[in-house]
Amino acid sequence: MEFYSPLQRIITSLVLPGRILELVDHLSSEELQQHYRSATDHVELRRWHLLWLVSQHWYVKDAAATVGLNYDYARAIVHRYNREGTTSLSNRRRGHQRPRRALLNQAQQQELEQALQAPPSDGGLWSSRKVADWIAQSTGRSEVRVQRGWDYLQRLERSLQSPRPQHIQADPDAQAAFKETSPLV
């Protein structure tokens, strides 16, 4: 085992900006490129792209930055590929995610649309929190996250309503006089 002085480490890090990891010959460089070009899942695509670049003798650090991965994660992908082969590159989360179920059915969405026409029960203006509370009340859920309120505002093509800010020293009479005397642009 070699030991380097701190100066040798600095010089080595300047000369060798990253490590080139060798790939086990599970697939050729052309086959890796073919898998990269034909991948449909974005997670798998990035992994194949990383391996193809590493097979082209790129530093892992540079290949990881190019495909937008963390360096340590990229090294883990290369090591797992070397250990397990092509099956290690599949997206293991795909197919295991629960599909998002709608909180409101069509009738409830129409009720929400009608409720948004009027001011909320506490007065003021509709917000994501108020829509989430309305959804929780109408569906009998104990809690609905604020993000889901925003999702339904977006789905119904609404925006957060907030009053136009007014300056503390604003004078409505002076503003009206200005509007009457100012030239049209």
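For the structure itself, look to the data block above.
Every residue gets a number counted from 1 within its own chain, in the order that chain's sequence is written. Local features in a predicted model are, by the rule used here, given only for residues with pLDDT of at least 70; side-chain atom pairs are given and counted only at 80 or more, and totals for whole chains, interfaces and linings are based on all residues. Think of the side-chain values as coming from all heavy atoms in the structure, minus any hydrogens and water.

Looking now at the nonpolar core. We define the nonpolar core as a collection of buried residues of types Ala, Val, Leu, Ile, Met, Phe, Trp, Tyr and Cys that are connected through side-chain atoms lying within 4.5 Å of one another. Relative accessibility thresholds used throughout: buried, under 20% of the residue-type maximum; exposed, over 50%; partly exposed, between the two (1.4 Å probe, protein chains only). Counting 22 residues, the largest nonpolar core has L32 and L50 as its most contacted members. Looking at this core, the elements that each hand over two or more residues are α2 (29-38), α3 (42-55), α4 (60-67) and α5 (71-84). Note on contacts: a residue pair qualifies if any of its non-hydrogen atoms lie within 4.5 Å across the two residues. Once residues within four sequence positions are removed from consideration, L50 is found in contact with A63, A64, V67, L69, A74, I77 and V78. In this structure, L103, L104, V131 and W134 belong to the second largest nonpolar core, which totals 15 residues. Each helix is a run of DSSP H or I of at least 4 residues and each strand a run of E of at least 2, with the numbering of both proceeding from the N terminus.

So, about the environment of N91. Position of N91 relative to the elements: it lies in the loop between α5 and α6 (106-117). Think of a polar contact as two N or O atoms within 3.5 Å of one another; within protein, one of them needs to be a possible hydrogen donor and the other a possible acceptor, and neighboring residues in sequence only count if both atoms come from side chains. One polar contact links N91 to D41, side chain to side chain, over a distance of 3.0 Å.

Between the first and last C-alpha of helix α7 (residues 128-139) there are 16 Å, a value that for 12 residues agrees with the 16 Å anticipated at 1.5 Å per step. Residues of α7 that are buried: S128, V131, A132, W134, I135 and A136. In the core, the buried residues of α7 are packed alongside α6 and α8 (146-155). The positive-phi residue at the C-terminal boundary of α7 is G140, with phi of around 80 degrees. Expected helix span is computed as 1.5 Å times (number of residues minus one).

Glancing now at the packing of α7 against α8. Viewed as axis vectors pointing N to C, α7 and α8 meet at an angle of 95 degrees, and their least axial separation amounts to 7 Å. In terms of orientation, α7 lies roughly perpendicular with respect to α8. Facing S128, R129, V131, A132 and I135 of α7, the residues of α8 in contact are V146, R148, G149, W150, Y152 and L153. By the convention adopted, Pro, Cys, Tyr, Trp, Phe, Met, Ile, Leu, Val and Ala count as nonpolar, Lys, Arg, Asp and Glu as charged, and the other residues, Gly among them, as polar. Here the contact of α7 with α8 is composed, by residue class, of 7 nonpolar, 2 polar and 2 charged. In this description, a line fitted to the C-alpha atoms serves as the axis of each element, helices being fitted only across the stretch in contact, and the angle between N-to-C directions of two axes falls anywhere from 0 to 180 degrees. Here the angle decides the label: under 35 degrees means roughly parallel, over 145 means roughly antiparallel, 65 to 115 means roughly perpendicular, and every other value means oblique.

So, on to the environment of G85. Within the element layout of this structure, G85 appears in the loop between α5 and α6. A residue is classified by how much of its surface remains accessible, and G85, at 5% relative accessible area, is buried. Placed 60 residues apart in sequence, G85 and D25 show a C-alpha to C-alpha distance of 9.1 Å. Once residues within four sequence positions are removed from consideration, G85 is found in contact with H26 and R80.

Excluding glycine, a negative phi dihedral is what most residues carry, and trans is how most peptide bonds are arranged. Even without a glycine there, the phi angle at H57 is positive, about 70 degrees. Within the fold, H57 resides in the loop between α3 and α4. Judged by relative accessible area, H57 falls into the exposed class, the value being 56%.

On to the side chain of N91, then. Since its relative accessible area comes to 11%, N91 is described here as buried. Those residues within four positions of N91 in sequence are excluded, and the remaining contacts are D41, V43, E44 and R47.

None of this, on its own, says anything about what the molecule does.
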